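Coordinates in review
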Amino acid sequence: METVSHQGRETAYEVSDRGGEGPTICFVHGSGGTREAWKSQHRLADQYPVVTLDLSGHGDSGDIDASAGYTTLSAYADDVIAVATETDADVLVGNSLGGAVVMHILIERGDEYRPDAVVLTGTGARLGVLEDLRNWLADDFERAVEFLHGSDRLFHDAESELATHSSDQMRACGQAVTQRDFETCHTFDVRDELGGIGVPTLVVYGEHDKLTPPRYHEFLVDEIDDAQSVALEDAAHMVMLEQPAAFNEAVSEFVASTVE
């Protein structure tokens, strides 16, 4: 693990490089997660240097004093820009809230840092959260965790070891940070701004994802000028964990064909 200092805090990140000569890829996790969400993507490190980070308040990164919504989104963008700049990352990959952060950077922060290409997965141009889930996140965190780890939400197979591990990770992240993440998602809406993305984009989604359904991803493809999609079977929101080989192949082929 390494850290980068910025805005008075430390952001933790990890680099895997097994001699890959391709462009560096930086991966951004979603709500209530950590860089462990991308553990299977380190397999790409023989082709491309891989960077994974913990957003503020997650994993090994220092926290922020920020209200949910735009302020938090901007702070998370600061984290990503700091790590991407420090590691000379060429490609950003974002899942769920991480996808929102990536889109925010492209639309509003391109003068500070602009990747050559992006991958968006388990995300959308608008990320409204069910009112019941918002209430549980505030008042009954355990019920929220159980709901999110039900069948075809975060995972297609709710009984898998992946789902169990993810539940434990969300509890470790804690109620306050996880609630802040989901409330930040709830305010996110760039449906009218996708034309500002302006870089090649790959959209990858699980066919069973009920949190950000396939139609969310197809909307991204329709509205982003240079975008393409890949649908993966037997997966839901965390497609990169449920179908790592197929996900990695899609990312690898996209990067190889897009970024020099």
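Residues numbered from 1 in each chain as written. Predicted model: local features only at pLDDT ≥ 70, side-chain atom pairs only at ≥ 80, totals over all residues. Heavy atoms only, no water.

1. A few points about unusual backbone geometry
Located in the positive-phi region is D88, a residue other than glycine, with phi close to 55°. Within the secondary structure layout, D88 lies in the loop between α1 (70-87) and β5 (91-95). The backbone phi angle of D152 is positive, close to 70°, even though this residue is not glycine. Here D152 lies in the loop between α4 (141-148) and α5 (161-173). A relative accessible area of 14% places D152 in the buried class. (Helix = DSSP H or I, 4+ residues; strand = E, 2+ residues; numbered from the N terminus. Buried < 20%, exposed > 50% of the residue type's maximum accessible area, 1.4 Å probe, protein only.)

2. Some points on α1
Over its 18 residues, α1 extends 26 Å from the first C-alpha to the last, a length consistent with the 26 Å expected when each residue adds 1.5 Å. With 14 of its 18 residues buried, α1 lies for the most part within the structure. A positive phi of about 55° marks D88, the residue just after α1. (Expected span 1.5 Å × (residues − 1).)

3. Comments concerning the side chain of T52
Looking at where T52 falls in the secondary structure, it is placed in strand β4 (residues 50-53). Judged by relative accessible area, T52 falls into the buried class, the value being 0%. Among all residues touching T52, those that are not within four sequence positions of it are A12, Y13, E14, F27, R35, W38 and H42. (Contact = heavy atoms within 4.5 Å.)

4. Details of the environment of S40
If you trace the backbone, S40 turns up in the loop between β3 (25-28) and β4. With a relative accessible area of 7%, S40 lands in the buried category. Separated by 139 residues in sequence, S40 and Q179 place their C-alpha atoms 26 Å apart.

In short, geometric facts, not functional conclusions.
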